[in-house]
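So the chains spell out like this:
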Amino acid sequence: MDERPLLSEQDPPSTATANIDSSTDHVSKASHSDSDKFHLIICLCICSIIIMLRSRFSIEPSWPIPEFQVNSLSLTNFNLSFYHSLTASWNASFEIYNPMRFEIPYHGVTSTVSYRTRMLSQARMVPFKQDYKNNVTSTLNVSISAADSYVEGRALHGIYKELKHGSVSFNVTLVVDYGYARASRFPQWPQLMVVVCEDVVVSVSMSGGSGYLIDGPAKCSGSHAVRGN
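Quick look at the structure, then. Quantities reported herein were computed from a predicted structural model and do not represent experimental measurements.

Here the focus is the pattern of salt bridges. Considering all chains together, one arrives at two salt bridges under this definition. Among the salt bridges present, the one from Glu152 reaches Arg118, with a minimum N-O distance of 3.4 Å. Placement of Glu152 in the loop between strand 6 (137–150) and helix 2 (153–163) and of Arg118 in strand 4 (residues 118–125) is noted, with a sequence separation of 34 residues between them.

Below, the structure is given as structure tokens:
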């Protein structure tokens, strides 16, 4: 008679224990995987919030820029010689429109008068502020003078050519260093803007050495510029 080994009563529990241990390992791995995903999501959310905050407080807001126009431009003491010498005084009155309901501090304004691309004279103004409580528009008066300034040949001949018709077209440029003042929750944002008023026509009397703006007021175009180091 064949003797077959009898199954021990302890065998089935051992198999069950092994299965339980294997299932526990799978559950533990799945739990670690879910925990890693959760921590990754938290880290991504924190990084996104930091980036948004840095952008909010470091990038200039896309606010509209102040608008300029020339309301008047007078010319006095005008004297131009064939020896490339120019003496003149320009007095311009600008109207500035503040598009935001904030006070705007102007840290400095550099004004330039040129004929076409040739600069004739330049002046710098003291800082000032534009209020918004009483009116959204302000007047800026600019005075620029030239005393025996050298005029390049092409500009000299161009001015003489236009004078034969009783007027001269000048370009007036303003380099404006400004910033919106702290208001509400917004910080102060320094900006550098270039305002260009092209072909501002001035009627000139050679006998009296004076002139005034014609076909005014003259609109100007403004744009932000890259601040140099």
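Attention shifts here to the layout of surface pockets. The calculated volume of the largest pocket comes to roughly 160 Å³. Those elements that provide at least two residues to the lining of the largest pocket are strand 1 (67–81), strand 2 (85–97) and strand 11 (221–224). With three residues, strand 1 is the largest single contributor of residues to the lining of the largest pocket.

Position of Thr110 among the secondary structure elements: in strand 3 (residues 104–115). Within the structure, Thr110 has its side chain in polar contact with the side chain of Arg124 (distance 2.9 Å). Those residues in contact with Thr110 that lie beyond four places of it in its chain are Gln122, Ala123, Arg124, Thr173, Leu174 and Val175.

Scanning the entire structure with this criterion turns up four aromatic pairs. For the ring pair Phe82 and Tyr160, a centre distance of 4.5 Å and an interplane angle of 10 degrees mean the geometry is stacked. One end of the pair, Phe82, is in the loop between strand 1 and strand 2; the other, Tyr160, is in helix 2, with 78 residues separating them in the sequence. Residue Phe82 is classed as exposed on the basis of its relative accessible area, which comes to 59%. Assessed through its relative accessible area of 18%, Tyr160 is described here as buried.

Procedures and definitions
Residues numbered from 1 in each chain as written. Predicted model: local features only at pLDDT ≥ 70, side-chain atom pairs only at ≥ 80, totals over all residues. Heavy atoms only, no water. Salt bridge = Lys/Arg side-chain N within 4 Å of Asp/Glu carboxyl O. Helix = DSSP H or I, 4+ residues; strand = E, 2+ residues; numbered from the N terminus. 1 Å grid on protein atoms, 1.4 Å probe; cavity = no way out; pocket = protein on both sides within 12 Å on 5 of 7 lines; lining within 4 Å. Points joined across faces, edges and corners; volume = space filled by probe spheres on them. Polar contact = N/O pair within 3.5 Å; in protein donor to acceptor, adjacent residues only side chain to side chain. Contact = heavy atoms within 4.5 Å. Phe/Tyr/Trp six-rings, centres within 6.5 Å; stacked < 30°, edge-to-face > 60°. Buried < 20%, exposed > 50% of the residue type's maximum accessible area, 1.4 Å probe, protein only.

Any link to function would need more than the numbers given here.
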